[in-house]
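Each chain is listed here by its residues.
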Amino acid sequence: MLKEKPSDYEKEILGEHTIKFIQFLDALPLPALLINLQGKVIHVNNNAAELVKPLAGDIIGTVIPHCRPDESTLVWEIKTKHKPIKLEFRIFPLDFGNIKLLCLLKIESIYQKKSYRSSDSLFNLLFEHSNDGIAIFDRNMYLIEWNRAMERVTGFTAKEVIGKSLRDIAAVLFPSTITSVNSTDPLKNISPDRIPKTIEELIEQGTFEEVDKEIRDKSGSEHTIRYRIFPVFWDGDVFPGVLVHDVTELKITEEVLKASELRFRTLIEAMGEGTLAMDNHQNILFVNPVVESVLGMEHGELVGKKVSEFLDAENEALLTRQSRLVTRGITNRFEMEILDNHRNRHTLQVTLSPWKGADDRIRGSIAVFIDITERKVEEERLRFTSTHDEVTNIYNRNYFEEEKNRLRVSRRYPVSVIMIDMDEMKVVNDTYGHRAGDDLLRKFSAIGKQIFRADDVFARIGGDEFAVFLPGTSEKVAKTVVERLKRTFIEHNVEFPDSQILFSVGSATAQTPDELEDAIRRADNRMYREKRQKREANESQKRNR
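What counts, and where the lines are drawn
- Residues numbered from 1 in each chain as written.
- Predicted model: local features only at pLDDT ≥ 70, side-chain atom pairs only at ≥ 80, totals over all residues.
- Heavy atoms only, no water.
- Phe/Tyr/Trp six-rings, centres within 6.5 Å; stacked < 30°, edge-to-face > 60°.
- Helix = DSSP H or I, 4+ residues; strand = E, 2+ residues; numbered from the N terminus.
- Buried < 20%, exposed > 50% of the residue type's maximum accessible area, 1.4 Å probe, protein only.
- Lys NZ or Arg CZ within 6 Å of the ring centre and 35° of its normal.
- Pairing = 2+ DSSP bridges.
- Axes fitted to C-alpha atoms, helices over the stretch in contact; angles between N-to-C directions.
- Contact = heavy atoms within 4.5 Å.

What follows deals with the packing of aromatic side chains. Enumeration over the complete set of coordinates arrives at nine aromatic pairs. Where Phe444 meets Phe503, the ring centres are 5.4 Å apart and the plane angle is 55°; that geometry is what we call tilted. One end of the pair, Phe444, is in helix 15 (residues 434–451); the other, Phe503, is in strand 19 (residues 503–510), and 59 residues separate them in sequence. In this pair, the class of Phe444 matches that of Phe503, namely buried. Aromatic ring contacts, followed pair by pair, group Phe444, Phe452, Phe458, Phe466, Phe489 and Phe503 into a single cluster. Sitting above the plane of the Tyr399 ring, Arg406 keeps its charged end 5.2 Å from the centroid.

Take a look at the structure:
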């Protein structure tokens, strides 16, 4: 299509009058093409472009076959991937002095298919059957043309208004605004002494600004119209024309949508859950205050950012997988972690739903979430306390028993067992208090965790009793572990003689699950035998003093 503002070259080739006629065609709703006498397309208006674009793309420069100026109609067959499409046009010859062109109009009704052969007939056809209202004024701003669409919009017939001045017509249609025309209103600059200059300015600008205005029709009903000024060329002169489109229903729809959006936003912003809208590329389009609070962002900072800016690689992949389900129309619920503006981690429980546009296509997704970070922390704390000893933070007896049940069906055999009982704990508690006894237990546990493997189950199963499961460990290796345990604490006691840690230990190995209980009993017996031997040795030393 021709540029809105023609270049000097185009003016020279096509001529000023042709350019102005093209701009007039662009303001009309009928599909129209301009071609030269050889059938080459030099211009299509917007309606024609929309008509042929899906079929043939950009047709400027295309030669239309079998188009002759002495014919009144043309059937143009366009080949497509599926089947040929036939478009019927009326042919109107145009004479711009040294430039002769043909105008093709796609016409549907029987009335429109009558043989109009002159440019005046062409204008009349466009004028009378336009879907938009058209009014034309003379140089003194008196109405000279008023089409049927204007009659429908205003309720006034052409007979009632032709010959009246623009001011008189405006006083009837715009009774409340005649003295205060908006600064962007092009009618404000239209006066008899400025008509040619104003129209020429509009042509040079290459644009015809549309203005919305409220009018009152003959019956008193109010309408919203959208109009623009365009130049009309007759007999070498230029007159102001007004193109009017009734947008009342559109405005009502817009107001309904705005009210609906306002209710939606009010509801979303009042929700206690975080709500976030994003497009199919995870660009954030809307958030409510809860989202801003969770992420530690100021109002308005999140819109335009990508959600991935607040995710690590694992959670970004998770969101991508869930978003793919949304593009298929599936609502899904899941948990994910997000990083706030200070890189603190939050756990969210998310419901991700498709967000559809007016055409029912999925435009993105709506995420509604609650921050369950504190709940997760509390759940983890409860889970930890249910399986760990509160004094030493190693496994407790409950976990030890659960592990024993798992080992009964495990294949990780042999399994070795180490049983440990602290020596002299009663003396420590009676002499220094239970706090000192707890400190001793904590020290023993901390050192023991450094000796045992991560897969080993090191548990406090009683007041001063400990047990260890060593899966996949032979009896020989278990004895080596016991020796390392004893040696480590001998070294500790030498280094810290005032806080010595003494214990008795026994070990045994089960080759199969059926032997596990017996191995525990044998390790326990060996531990008590060592404790008894220590006690007897101490008593013997006391007697020999």
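Hydrogen bonds along the backbone pair up the strands of a sheet, which may run parallel or antiparallel. The antiparallel open sheet is built from four strands, whose spatial order is 17-18-16-19. Edge positions in the open sheet fall to strand 17 (457–460) and strand 19, since each of these has one partner strand only. Direction aside, the axes of adjacent strands within the sheet are offset by 15° on average. Where strand 16 (residues 415–422) lies against strand 18 (residues 465–471), seven bridges are found, and the strand directions are antiparallel. Bridge pairing in strand 18 links Asp421 to Glu465. Sitting on the sheet, helix 16 (residues 475–495) is in contact with strand 16, strand 18 and strand 19, with an inclination near 165° to strand 19.

Right, let's get into unusual backbone geometry. Here the residue pair Tyr413 and Pro414 is connected by a cis peptide bond, since its omega of 10° sits within 30 degrees of zero. By the secondary structure assignment, Pro414 is in the loop between helix 13 (397–407) and strand 16. Of note in the backbone geometry, Asn393 takes a positive phi value of approximately 65° without being a glycine. Within the secondary structure, Asn393 is located in the loop between helix 12 (373–387) and helix 13. In this model, Glu424 sits at a positive phi of 65°, which is unusual for a non-glycine residue.

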